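These are the residues of each chain, in order.
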Amino acid sequence: MAERKRQLVANELTEAALQLLALKGFDAVTIDEIATAAGVSKRTFFRYFASKEDVVVQFLADMGAGIRTELAGRADGEPPSVALRHAVWVPMAACGDRSDHAERALRVVQLILRTPALLARFLERQAQWRDDLAAELARRQGLDLAADLYPRLAAGMALAAYDAVLRRWSDSDGAEDPAALLDRAFAVIAPALDAVGPRAAGGA
């Protein structure tokens, strides 16, 4: 129960912070405002997060965990392009539901992409996502992560597609359909993603 309560408070703080930051801008929001919006004290905020930036960093960490979990759960015989397309869609699902959630997701994405400090952390997190996805791809394909180029190249291509779609969706102010954009992006990289089969030759 204690852990459940802790997670609920963390979720409330994250939701309040992201809404305020997206609405007012990163520099304009104070920790006092976030705590008040979440219905907790400033002291409670600092039990969960060290700064406003840490709220966004944790949000990004959770996104990355969702991508790897989805990839790990895909059927082993599924083509890599299909498995990776589903995996990177996980953190983008809210972007395409045409509801208040999509509007909030758009503002959060724009906040991250347009705030240099947050963009730097986003790119830093993507590097970790790439390593995690590469490890999972190596396992799925029966490849040696240290010896084969494919896992890191494939993970990098999938995340480059993800990044390009997020930026295009953000620049269009939500007018473009992120699911359609992701399909188009993966249509470009799918042949390369699927060119290496299970247990391919080392160094492939």
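Keep in mind that this is a model prediction, so the values were computed, not measured. (Residues numbered from 1 in each chain as written. Predicted model: local features only at pLDDT ≥ 70, side-chain atom pairs only at ≥ 80, totals over all residues. Heavy atoms only, no water.)

Regarding the confidence of the model for the chain
And step 1. Taken residue by residue, the chain gives an average pLDDT of 88. The fraction at 70 or more is 93%.
And step 2. Within the chain, no element has a lower average pLDDT than helix 6 (residues 100-114), which sits at 84, and none a higher one than helix 9 (residues 178-193), at 96.
And step 3. pLDDT under 50 marks residues 199-204. Its contacts with residues more than four places away, or in other chains, come to 13 contacts. (pLDDT = per-residue confidence, 0-100. Helix = DSSP H or I, 4+ residues; strand = E, 2+ residues; numbered from the N terminus. Contact = heavy atoms within 4.5 Å.)

Observations regarding the environment of Ile 189
And step 1. Examined against the element boundaries, Ile 189 turns out to sit in helix 9.
And step 2. Setting aside residues up to four positions removed in sequence, Ile 189 forms contacts with Met 157, Ala 158 and Ala 161.

Some details on the side chain of Ser 170
And step 1. Following the sequence through the fold, Ser 170 ends up in helix 8 (residues 150-171).
And step 2. The exposure class of Ser 170 is buried, given its relative accessible area of 2%.
And step 3. Residues contacting Ser 170, with those up to four places away along its chain left out, are Leu 106, Val 109, Gln 110, Leu 113 and Arg 114. (Buried < 20%, exposed > 50% of the residue type's maximum accessible area, 1.4 Å probe, protein only.)

Here's the deal with the nonpolar core
For soluble globular proteins, nonpolar side chains are generally found buried alongside one another.
And step 1. Ranked by size, the top nonpolar core spans 58 residues in total, and within it Phe 122, Trp 129, Tyr 162, Trp 169 and Phe 186 carry the most contacts.
And step 2. Secondary structure elements with two or more residues in this core: helix 1 (2-24), helix 2 (31-38), helix 4 (52-73), helix 5 (80-89), helix 6, helix 7 (116-141), helix 8 and helix 9.
And step 3. Looking at this core, the element that brings in the most residues is helix 8, giving 10 residues.
And step 4. Other than its neighbours up to four places away in sequence, Phe 186 contacts Ser 81, Leu 84, Arg 85, Val 88, Ala 158, Ala 161 and Leu 193. (Core = buried A, V, L, I, M, F, W, Y, C linked by side-chain atoms within 4.5 Å.)

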